[in-house]
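Chain residues, written in single-letter form:
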Amino acid sequence: MNFYTDSSEWRYLFKTAMDWDTIIPFYYPSFPTPDGFQSREELIHFYEELLSAAGKWAGETIAPRARELDQIGAGRLENEGVVISEVLKKTYQEAKEIGVLGMTAPHRFGGMGVPAGLGRLAFQSLSRACISTSAQIGFF
């Protein structure tokens, strides 16, 4: 299951509610971009691929893992510190690898620099899969 591509509503919002003519020039005044995107269409396609990757991760990995996270918990206090559970460590690592962490952060801070609205669309898939996980990722 893919919580983005399986949802006609979220795909509709991506295609029609996002004002790409205003948003893209704000982030990239000209093409090619410093990231190598040659056109507006190529950039929008990349953005949709990001949403699809986040939706797939949420639907195929996070949703099935939600019960385990609820049972095990996010971590425990030990020696005046927090020990993060292995399931949450795995989730953080995956989020980092697919770019969910820092997606909207500027490039100069190690992020992908994608528009905030796009980050919100990706985050909705995570929230749908597991609200606990979305809260954990949201703090980062």
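Everything below is about the structure printed above this text.
Residues numbered from 1 in each chain as written. Predicted model: local features only at pLDDT ≥ 70, side-chain atom pairs only at ≥ 80, totals over all residues. Heavy atoms only, no water.

1. Things to note about the pattern of salt bridges
All told, the structure shown has 6 salt bridges when counted by the stated rule. A salt bridge links lysine 15 to glutamate 48; the shortest N-O distance between them is 3.2 Å. One end of the pair, lysine 15, is in helix α1 (residues 8–17); the other, glutamate 48, is in helix α3 (residues 40–72), and 33 residues separate them in sequence. Assessed through its relative accessible area of 51%, lysine 15 is described here as exposed. A relative accessible area of 19% means that glutamate 48 is categorised as buried. We note a salt bridge from glutamate 86 to lysine 89, for which the minimum N-O separation is 3.3 Å. Here lysine 89 and glutamate 86 lie together in helix α4 (residues 86–98), a separation of 3 residues that amounts to about one turn. (Salt bridge = Lys/Arg side-chain N within 4 Å of Asp/Glu carboxyl O. Helix = DSSP H or I, 4+ residues; strand = E, 2+ residues; numbered from the N terminus. Buried < 20%, exposed > 50% of the residue type's maximum accessible area, 1.4 Å probe, protein only.)

2. Observations concerning the pairing of strand β1 (residues 75–78)
Sheet faces and side chains relate simply in a regular strand, where the side chains alternate between the two faces. As judged from the 4 bridges shared by β1 and strand β2 (residues 81–84), these two strands associate in the antiparallel manner. If you follow glycine 75 over to β2, its bridge partner there is isoleucine 84. (Pairing = 2+ DSSP bridges.)

3. Describing the nonpolar core
In this structure, Phe14, Trp20, Tyr47, Leu51 and Leu118 are the most contacted members of the largest nonpolar core, which totals 34 residues. The set of elements that each furnish at least two residues to this core consists of α2 (20–27), α3, α4 and α5 (116–129). Looking at this core element by element, the count peaks at 11 residues for α3. With near-sequence residues (within four places) excluded, leucine 51 lies in contact with Tyr4, Phe14, Leu118, Leu121 and Ala122. (Core = buried A, V, L, I, M, F, W, Y, C linked by side-chain atoms within 4.5 Å. Contact = heavy atoms within 4.5 Å.)

4. Some thoughts on the environment of proline 64
With respect to the helices, strands and loops of the structure, proline 64 is situated in helix α3. Under the relative-accessibility criterion, proline 64 is labelled exposed at 55%.

5. Describing the packing of α4 against helix α6 (residues 131–138)
Their axes nearest at 11 Å, the elements α4 and α6 cross at an angle of 60 degrees. Regarding the angle of α4 to α6, the classification is oblique. Between α4 and α6 lies a crossing of right-handed hand. Together, Leu88, Thr91, Tyr92 and Ala95 of α4 and Thr133, Gln136 and Ile137 of α6 make up the contact between the two elements. (Axes fitted to C-alpha atoms, helices over the stretch in contact; angles between N-to-C directions. Parallel < 35°, antiparallel > 145°, perpendicular 65-115°, else oblique. Left-handed = near helix turned anticlockwise from the far one by under 90°.)

6. Describing the packing of α5 against α6
Helices that pack against each other are described as a pair by the angle of their axes relative to one another and the distance between those axes. Axis separation between α5 and α6 bottoms out at 5 Å; the angle between their running directions is 140 degrees. It follows that α5 is oblique to α6 by the angle criterion. Judged by residue contacts, Phe123, Leu126, Ser127 and Ala129 of α5 engage Ile131, Thr133, Ser134, Ile137 and Gly138 from α6. Taken together, the residues of the contact of α5 with α6 break down into 5 nonpolar, 4 polar and no charged. (Nonpolar A, V, L, I, M, F, W, Y, C, P; charged D, E, K, R; others polar.)

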